[in-house]
Amino acid sequence: MKIMPSLKFILAFFFCACLLSPVYAQITDELAGYLCEYAQRLYAQGDLEGAKHEFRKALMVNPGNATAKSYLKKMGVGNVYEDQIKTLQKSLDVKNKEL
């Protein structure tokens with residue numbers, strides 16, 4: 001049975017993705033951990049804005065990071081993406097008015 005070249009590529013891609021998935025998960029966990037450690041240092045030094053920024057970056061890398069969520073909640077940040085949502089809503093309102 002002869003397999004089409006595009007099907008070979010899809011199968012190879014799927015196989016590679018399956019092999020690399022655990023590596024990707026480990027890298028994102030480590031990066032989020034590093035960002036949280038840095039954010040905790042900033043928090044301890046009293047740089048709350050810097051700490052918020054780094055904790056948010058950690059959540060971008062790993063949305064399930066409990067440390068980042070916990071610290072942001074402790075700092076009174078309700079919805080982590082609240083600022084971005086408000087900015088997007090304002091942009092949409094402006095675009096709708098233009099139409």
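Structure first, text after, so check above.
Parameters at a glance
- Residues numbered from 1 in each chain as written.
- Predicted model: local features only at pLDDT ≥ 70, side-chain atom pairs only at ≥ 80, totals over all residues.
- Heavy atoms only, no water.
- Helix = DSSP H or I, 4+ residues; strand = E, 2+ residues; numbered from the N terminus.
- Buried < 20%, exposed > 50% of the residue type's maximum accessible area, 1.4 Å probe, protein only.
- Polar contact = N/O pair within 3.5 Å; in protein donor to acceptor, adjacent residues only side chain to side chain.
- Contact = heavy atoms within 4.5 Å.

Enquirer: Sorry if this is basic, but what is going on with the environment of G50 here?
Expert: Its place among the elements puts G50 in helix α2 (residues 48-61). Given a relative accessible area of 17%, G50 falls into the buried group. Taking C-alpha positions, G50 is 9.5 Å from Y38, a pair spaced twelve residues apart along the chain.

Enquirer: Would you mind going over the side chain of N65 with me for this structure?
Expert: Inspection of the secondary structure assignment puts N65 in the loop between α2 and α3 (66-74). By relative accessible area, which is 11% here, N65 ends up buried. Here the side chain of N65 touches T67 through a polar contact of 3.1 Å, landing on its backbone nitrogen. Apart from residues no more than four positions distant in its own chain, N65 is found in contact with A32, G33, C36 and L59.

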